[in-house]
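# Structural characterization, general
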Amino acid sequence: AVVVVVVAIAIVVYLKFVKDRPAHAQDLIPADADLVVSLNWQTASLQGQNFQAITSRLGSQDVMTSVATFLVGAKIGNSTVSFTDDVAPWLGGDIVLMRRNFGDEKIPSVFLPVGDISAKESFLNKIKGEADSVSTERYRGYQITTVGGKDPISYIEARHFIVFSLRVQALQSIVDVLNKS
């Protein structure tokens, strides 16, 4: 009887505190990533001030669209994403960028930490609602969503992050890391 109680307590502790614990983006990155950059976008930080200064030189383009175009080379489906209106309200910390080689291709992924779940849901509903097509597939317990349009992009939600990438294969490698932890 004591063993059953101890096992039950261990299961409850795992499910409540460990299974869905907030992770650092670095915990999700495959070991063979060839580039990882963490970006503090908040204007109170020196890095955030430098980020704002660089993006202000880009003229009237929106900050997130400029960064996405520069780093990822694509918009999110058909959506024009405003960093201030669409992303900042739910963003919970540093943005992490990863690049990984798949054959001859260098594929970037962007990790966005979720701070406000309801605002994040509004953002995802916006990009799915404006897409030409939306498809989903399951990979090892995670849903990968592809938002189609002129420049399709895929994402997963994992451990308090939304991870965007141009290739499903990059997201599958992140899920593989999650399933090992």
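Predicted model, so just to flag it, every value in this text is computed and none were measured. (Residues numbered from 1 in each chain as written. Predicted model: local features only at pLDDT ≥ 70, side-chain atom pairs only at ≥ 80, totals over all residues. Heavy atoms only, no water.)

### Side note on the sheet that holds strand E3 (residues 105–113)
Stated formally: Note on pairing: two strands pair once DSSP finds at least 2 bridges between them. Secondary structure elements are defined from DSSP: runs of H or I of at least 4 residues count as helices, runs of E of at least 2 residues count as strands, and each element is numbered from the N terminus. A fitted line through C-alpha atoms represents every axis, and for helices the fit uses only the stretch in contact; the resulting angles, taken between N-to-C directions, go from 0 to 180 degrees. Contacts: residue pairs with any heavy atoms within 4.5 Å of one another.
The antiparallel open sheet is built from seven strands, whose spatial order is E1-E2-E3-E7-E6-E5-E4. Every other strand in the sheet has two partners, leaving strand E1 (35–39) and strand E4 (133–139) as the edge strands with one partner each. Within the sheet, the average angular offset between the axes of one strand and its neighbour, ignoring direction, is 20°. Helix H5 (residues 117–129) contacts E4, strand E5 (142–148), strand E6 (153–158) and strand E7 (161–165) of the sheet and is inclined by roughly 155° relative to E6.

### Quick look at the side chain of Ser 173
Applicable threshold: Two N or O atoms count as a polar contact when they lie within 3.5 Å, although within protein this holds only if one can serve as hydrogen donor and the other as acceptor, and sequence-adjacent residues are included solely when both atoms are side-chain atoms.
The residue Ser 173 is located in helix H6 (residues 168–180) in this model. There is a polar contact of 2.6 Å between the side chain of Ser 173 and the backbone oxygen of Ala 170. With residues near it in sequence (within four places) discarded, Ser 173 still touches Pro 30, Arg 100 and Phe 102.

### Structural notes on the confidence of the model for the protein chain
To keep things clear, this is the line we draw: Known as pLDDT, the predictor's per-residue confidence is scaled from 0 to 100.
Looking at the protein chain as a whole, its pLDDT mean stands at 75, while 62% of the residues score no less than 70. Element-level pLDDT for the protein chain is lowest in helix H3 (residues 63–72), with a mean of 43, against a maximum mean of 94 in E4. With pLDDT under 50 throughout, residues 16–22 is counted as low confidence; its partners more than four residues away or in other chains account for seven contacts.

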